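Given next are the chains, with one letter for each unit.
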Amino acid sequence: MKDIIIRGGTIYDGTGAPGVRADLAIEDGKITAVGDLSGEQAAEELDAAGLAVAPGFINIHGHSDTAFLLDDSFASLVYQGVTTEVCGNCGYTGFPALPPQEDGIKRAKAEGWYCASFDDFAEKFEREGRRMGANLAYLAAHGSIRSAAAGYDDRPVTKEELRTMQELLRRDLKAGAWGMSLGLEYAPGCFADEDELAAMGEVVQEFDALLPAHLRNEGVRLGEAIDELLSVGRKTGAHVHISHLKLDNVKVHGTAPQIWEKIEKAKAEGVRVTADMYPYLASHTGLTNRCPKWALSGGDGAIADVLTGPRREEVISFIREKYYWNAERAETAFFTDGCERWPEVLGKNLREVAEELLGTTDYAEAAAEILVRTKGEATGCFFVMSEADMLYFLKQDICLCTDGYAYPVDPAKLENIPHPRSYGAIAEFLRLNRELGICSVEEAVRRLTGKPAEILGMKDRGLLKPGLTADVTVFDPAAVRPAATYLHPVAAAEGVRHVVIGGGIALRDGVQTEGRYGTILRRQV
């Protein structure tokens, strides 16, 4: 008798092959058969009649590094059919933390989850008996490594510091990290030059791992930022990957075809380069991302000191010239997190903060005041992309991501206002695909499963084949959609019927179970 049989669905195996009507059997956490299993019995049966049966979706770019500390359900992911998320992105994660500096995401610091290495982090998870609703595959993070070795100062690293960074990275890649992320718009990653990136990229290439990057610029200088990453790929041979590809400045809207042509040209020349994106027009980032990089020397919190010092006007002039926030455009930035020091800002847009709380129509000045009062921690949604560019990128061979966090679906458990992408990015892609005919269902599934698995070098999941891990998502292509909106973002996606993770039923008939079958995945070196 089988453990689970998923009956009567259309199997999309993750390769891009057309769907085939068949059953799927699972035993001991593995897929054991795909075909006509009408003569077989199972302890559990899941009805997939009229539905698509796919490998579990892989969210190739997320930030759920310590989401299990908030809530172990990972419901925002599971309801979208996500069984694995790649985290440690944008140059930051909870390891390494070496005295005297400490680094990592803020939640990790608050909860004491700074660890000396990836091994320590994973072992702490197991030692404390932590659980989570989906798998996490961790990247090592350049910003965390750099700060552990050299701090947050705006300066080149020394040869000795660089050697330390390479050894820290090599250690974590040996332990099973899936690559190293870059966060080149954030301190301290923004202080690294191309030579430093190439030196670290050489270590990534030693392990044939992945080098994903939050680029140095995603707006008017996006082309230059892509060129820098491509150059690192050429010099090192490493597989470089563009995280959350976007054009976030109105001055360059409409140039998506030229950007993609640059990527395709590099591929034709032998550079291993791929990309991911999320299908929304608003980004979600720290307000410090709107400041000159020199002002972040010492870390994001240093901006408050700069803005109360003699160079305040220099920073404000930069913000004014770069973002030209008039009254209308000031309404496109609203604050969602990091406002504990000035809670009145939470949920307000920049125009409301300026006019109602500060009594000014100088929106750059208001942005500076927010940074001072929140000690540089204010985070928000910024409506900076165009629909035409987004849809152009969606039509290309690009992976999908949430760039979000694994949240519960109970608003009472949240203190912030999430971007709806955390709850809806994967479902929104499938909705847009259905309504706009972006690609076939089998191709959409490939871009969510087989393609990210291939990019990452995941050998045991991402496809529906006997012998592979039983991560399976059953969904209705005609009904899947997000329910989350910007004003009401805490809402489970709809249209995913069943989710199996490692042979455990995580979602049955559209309702999450109590099972927490996620684990920390280690890359086999």
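Predicted model, so just to flag it, every value in this text is computed and none were measured. Residue numbers restart at each chain and count upward from 1, following the sequence in its written direction. In keeping with the predicted nature of the model, local features appear solely for residues at pLDDT of at least 70, side-chain atom pairs appear and are counted solely at 80 or more, and the whole-chain, interface and lining totals rest on all residues. Heavy atoms from the whole structure form the basis of all side-chain values; hydrogens and water molecules are not counted.

A. Fine view of the overall build of the chain. The helix and strand tally for the chain stands at 17 helices and 22 strands. Principal-axis analysis of the C-alpha atoms places the extent of the chain at approximately 80 × 50 × 50 Å. Sequence separation of 24 or more characterises 75% of the internal contacts of the chain that already satisfy a separation of 6 or more. Only the protein chains shown count as cover for residues, with accessible areas throughout obtained via the Shrake-Rupley method and a probe of 1.4 Å. Roughly 19200 Å² of accessible area belongs to the chain as shown, and the carbon and sulfur atoms make up 47% of that amount. Strands are runs of DSSP state E lasting at least two residues, helices are runs of H or I lasting at least four, and both sets are numbered from the N terminus onward. In what follows, residue pairs with any heavy atoms lying within 4.5 Å of each other are defined as contacts.

B. Representation of the sheet that holds strand β8 (residues 135-138) within the structure. Only strands joined by at least two bridges in the DSSP assignment are considered to pair. Taken together, the 4 strands give an open sheet; going across it, the order is β6-β7-β8-β22, and neighbouring strands pair in parallel fashion. Strands with a single pairing partner mark the edges of an open sheet, and in this sheet they are β6 (57-59) and β22 (520-521). Direction of pairing for strand β7 (residues 82-87) relative to β8: parallel, over a ladder of 4 bridges. In the sheet register, T84 faces β8, and the bridge partner there is N135.

C. Quick look at the sheet that holds strand β9 (residues 140-141). The parallel open sheet is built from 6 strands, whose spatial order is β9-β10-β11-β12-β13-β17. Two strands in the sheet have a free side with no partner beyond their single neighbour: β9 and β17 (399-400). In this sheet, strand β10 (residues 180-183) lies alongside β9 in parallel orientation, the contact comprising 2 bridges. Among the inter-strand pairings, A141 is bridged to a residue of β10, identified as S181.

D. How the structure looks around the pairing of strand β5 (residues 52-55). Here strand β1 (residues 2-11) pairs with β5 via 2 bridges, running parallel. Paired with I11 across the strands is V53, a residue of β5. Pairing of β5 with strand β18 (residues 472-475), which is carried by 4 bridges, proceeds in the antiparallel orientation. The residue bridging A52 from the neighbouring strand is F475, located in β18.

E. Geometry of the packing of helix α10 (residues 312-323) against helix α13 (residues 363-373). One way to put it is that α10 packs onto α13 with a least axis distance of 9 Å and a crossing angle of 125°. With respect to each other, α10 and α13 are oriented oblique. Crossing of α10 over α13 shows right-handed handedness. Taken together, the residues of α13 that come into contact with α10 (itself represented by R312, E313, I316, I319 and R320) are A364, E365, A368, E369 and V372. When residues are sorted by character, Ala, Val, Leu, Ile, Met, Phe, Trp, Tyr, Cys and Pro go into the nonpolar class, Asp, Glu, Lys and Arg into the charged class, and all the rest, Gly among them, into the polar class. Considering only residue class, the contact of α10 with α13 consists of 5 nonpolar, no polar and 5 charged. Fitting a line to C-alpha atoms yields each axis, with helices limited to the stretch in contact; the angle taken between N-to-C directions then spans 0 to 180 degrees. Angle categories: roughly parallel below 35 degrees, roughly antiparallel above 145, roughly perpendicular from 65 to 115, and oblique for all the rest. Note on convention: the crossing is left-handed when the near helix lies turned anticlockwise from the far helix by less than a right angle, right-handed when the turn is clockwise.

F. Representation of the packing of helix α7 (residues 222-236) against helix α8 (residues 256-268). Packing of α7 against α8 brings their axes to within 11 Å, and their N-to-C directions diverge by 10°. Between α7 and α8, the crossing angle belongs to the class labelled roughly parallel. Across the interface between the two elements, L222, G223, I226, D227, L230 and R234 from α7 touch I259, K262 and A266 from α8.

G. Inspection of helix α3 (residues 118-127) at higher detail. Relative accessibility thresholds used throughout: buried, under 20% of the residue-type maximum; exposed, over 50%; partly exposed, between the two (1.4 Å probe, protein chains only). Among the residues of α3, those classed as buried are F118, F121, A122, K124 and F125. Buried residues along α3 cover an arc of 155° about the axis, so they all sit on one side. Exposed residues pointing more than 90 degrees away from the buried face of α3 are listed as E126 and R127. At its buried positions, α3 is contacted by β8, α5 (159-174) and β22. For α3, the N-terminal capping position is held by S117, with its side-chain oxygen 3.4 Å away from the main-chain nitrogen of D119. Of the residues one or two after α3, G129 is the one with positive phi, at around 65°. This arc is built from the directions going out from the helix axis to the C-beta atoms. N or O atoms closer than or at 3.5 Å make up a polar contact, with two conditions inside protein: a donor-capable atom paired with an acceptor-capable one, and, for residues adjacent in sequence, both atoms drawn from side chains.

H. Examining the pairing of strand β15 (residues 333-337) more closely. Counted residue by residue, β15 has 4 buried out of 5 residues, so it is predominantly covered. The pairing of β15 with strand β16 (residues 379-383) spans 4 bridges and is classified as antiparallel. Considered in β16, the bridge of F334 is made with C381.

I. The environment of L487, seen in detail. Within the secondary structure, L487 sits in the loop between β18 and β19 (496-501). Spatially, the C-alpha atom of L487 lies 8.7 Å from that of P420, the residues being 67 residues apart in sequence.

J. Just unusual backbone geometry, in detail. A cis amide bond links F95 with the next residue in sequence, P96, at an omega value of -5°. For P96, the location among the structural elements is in the loop between β7 and α2 (106-110). Backbone torsion omega between A187 and P188 reads 0°, so that peptide bond is classified as cis. Note on placement: P188 falls in the loop between β10 and α6 (194-206). Of note, F74 is a non-glycine position whose phi angle comes to about 55°, a positive value. Inspection of the secondary structure assignment puts F74 in the loop between β6 and α1 (75-78). On the basis of relative accessible area, F74 is assigned to the buried category, the value being 0%.

K. Inspection of the packing of aromatic side chains at higher detail. Stacked, tilted and edge-to-face are the three classes applied to pairs of Phe, Tyr and Trp rings, where Trp contributes its six-membered ring and a pair requires centres within 6.5 Å; stacked means planes under 30 degrees apart, edge-to-face means over 60, and tilted covers the rest. Tallied over the entire structure, the rule returns 16 aromatic pairs. Arranged with centres 6.3 Å apart and planes meeting at 55°, the rings of W260 and F393 form a pair that is tilted. Taken together, the residues W260 in helix α8 and F393 in helix α14 (residues 387-394) connect sequence positions 133 residues apart. Taking relative accessible area as the criterion, W260 reaches 6% and is therefore assigned buried. Exposure remark for F393: the relative accessible area of 2% places this residue in the buried category. Summarising the aromatic geometry, the rings of Y280 and Y486 are spaced 6.3 Å apart at their centres and angled 85° between planes, so their arrangement reads as edge-to-face. A residue pair is termed long-range when its members are at least 10 positions apart, and Y280 in the loop between β13 (273-277) and β14 (282-286) and Y486 in the loop between β18 and β19 qualify at 206 residues. Taking relative accessible area as the criterion, Y486 reaches 21% and is therefore assigned partly exposed. In textbook terms, an aromatic cluster arises when at least three aromatic residues are bridged by ring pairs, as seen for F68, F95, F118, F121, F125 and Y138. Distance and angle both matter: a charge sits over a ring if NZ of Lys or CZ of Arg is within 6 Å of the ring centre and within 35 degrees of the ring normal. Positioned above the aromatic ring of W342, the side-chain terminus of R373 is 4.3 Å from the ring centre. Between the NZ or CZ atom of R522 and the centre of the ring of F118, over which it lies, the distance is 5.2 Å.

L. The side chain of H241, seen in detail. The residue H241 is located in strand β12 (residues 239-242) in this model. When its relative accessible area of 1% is taken as the criterion, H241 is described as buried. Of the polar contacts made by the side chain of H241, one reaches the side chain of D276; its length is 2.7 Å. Contact partners of H241, with chain neighbours within four places excluded, come to I60, L210, L211, P212, A213, L229, T274, A275, D276 and I455.

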